[in-house]
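Chain residues, written in single-letter form:
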Amino acid sequence: MTSETAQPLAPDDGAADASAAEFTAHRPRMFGLAYRMLGSAEEAEDTVQDAYLRWSGADRASIAHPAAWLATVVTRLGLNRLASARAKREEYAGPWLPEPVFTRDGTLGPLESAERRDAVSTALLVLLERLTPTERAVYVLREAFAYTHREIAGVLEIGEANCRQVYGRAVRRLERPEARFAPAEEQRHRLVESFVGAAREGDLAGLERLLAEDVVWWSDGGGKVSAARRPVVGRDAVLRFLAGVARRTEEGTEVALAEVNGAPALVSHREGALLAVTTFEVRDGAISRVGVVMNPDKLAFAGRQLARGGVLG
């Protein structure tokens, strides 16, 4: 662009650019908050976009602490979405599982500790469905973002004493004693790798050794693809189910390992299209729970991550 054709910036263009840059800096944290609130990456993206519209129209001079302001906006938007999401999930076809997110690329923020990984695990996101929207907001802000009860009370516009009561009730409703005895990452990786190897070779005896006797297999097809409409319970039933799945697997389907929601997972894809994401829970040295998301709507966000590359292996 030459000096003759260059157009001067409007007086507020610099301020607008700075505002957009500041929002972008906070975006990963906001997305992580919205995702934990909703269990849906697509809805989390929409929530963050709605927050941006509010940020764009706000008087920035009146916002002393942008991170806190944005967290408040995202939380309240999330609460509004949760109210309608609950009604939809009651009518959901078959088992409901949260949308998977590849996490090696930092999409959900740094997960350098076991506590942070647990905070985005598929297992916890499923359990959070037990909570009321307010309980879920309090729990997420307290556990995942280390907000004080006073800060949470301000976000939700409730009393601090009430906030403490809501948090205590949420913790009791989740009932997660097993979280204190989570397996080491190395053991989890080893079990999932062994599962992948046995599944590729059709080694049912090898799979049997990896599965807990009371293992539960959940398939989330959302009525969009063929999937078990009820959980498959017990090692023998799961093995029979897997044998049937192997016979129906289309030629050209590839299987790879990836980190999903902070834990090793199995990714099935064909010709660049994501077909399924399988996550695992481990207890007492065996796979105790398996969740498979096949609903194409729920794979859209992870599919875009896969297309960008760098998430497998």
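Read on for an overview of the structure. (Residues numbered from 1 in each chain as written. Predicted model: local features only at pLDDT ≥ 70, side-chain atom pairs only at ≥ 80, totals over all residues. Heavy atoms only, no water.)

Let us look at the packing of helix 2 (residues 41-57) against helix 3 (residues 66-90). Running from amino to carboxyl end, helix 2 crosses helix 3 at an angle of 130°, the nearest separation of the two axes being 9 Å. Taken together, the axis directions place helix 2 and helix 3 in an arrangement best described as oblique. When the axes of helix 2 and helix 3 are compared, the crossing they make is right-handed. Judged by residue contacts, Glu-43, Asp-46, Thr-47, Asp-50, Ala-51, Arg-54 and Trp-55 of helix 2 engage Pro-66, Trp-69, Leu-70, Val-73, Val-74, Leu-77, Gly-78, Arg-81 and Ala-85 from helix 3. (Axes fitted to C-alpha atoms, helices over the stretch in contact; angles between N-to-C directions. Helix = DSSP H or I, 4+ residues; strand = E, 2+ residues; numbered from the N terminus. Parallel < 35°, antiparallel > 145°, perpendicular 65-115°, else oblique. Left-handed = near helix turned anticlockwise from the far one by under 90°. Contact = heavy atoms within 4.5 Å.)

What follows deals with unusual backbone geometry. In the Ramachandran plot, Ala-146 falls in the positive-phi region, its phi being about 55° despite a non-glycine side chain. Residue position: Ala-146 is located in the loop between helix 6 (133-143) and helix 7 (149-156). Ala-146 gets classed as exposed once you look at its relative accessible area, which sits at 60%. We note that Asn-261 has phi near 50°; this positive angle belongs to a residue other than glycine. (Buried < 20%, exposed > 50% of the residue type's maximum accessible area, 1.4 Å probe, protein only.)

Between helix 6 and helix 7, whose axes approach to 10 Å, the crossing angle comes to 140°. Taken together, the axes of helix 6 and helix 7 lie oblique to each other. By crossing handedness, the relation of helix 6 to helix 7 is classed as right-handed. Every residue of helix 7 that contacts helix 6 at Thr-134, Ala-137, Val-138, Leu-141 and Arg-142 is listed here: His-149, Ile-152, Val-155 and Leu-156. Considering only residue class, the contact of helix 6 with helix 7 consists of six nonpolar, two polar and one charged. (Nonpolar A, V, L, I, M, F, W, Y, C, P; charged D, E, K, R; others polar.)

Pairing within the open sheet is mixed, and its six strands lie in the order 2-1-6-5-4-3. Both edges of this open sheet fall to strand 2 (232-233) and strand 3 (254-260), since each of them pairs with a single strand only. Where strand 1 (residues 211-220) meets strand 2, two bridges bridge the pair, whose relative direction is antiparallel. Paired with Val-216 across the strands is Val-233, a residue of strand 2. Lying on the sheet, helix 9 (residues 185-201) is in contact with strand 1, strand 3, strand 4 (263-270), strand 5 (273-283) and strand 6 (286-293); it crosses strand 4 at an angle near 25°. (Pairing = 2+ DSSP bridges.)

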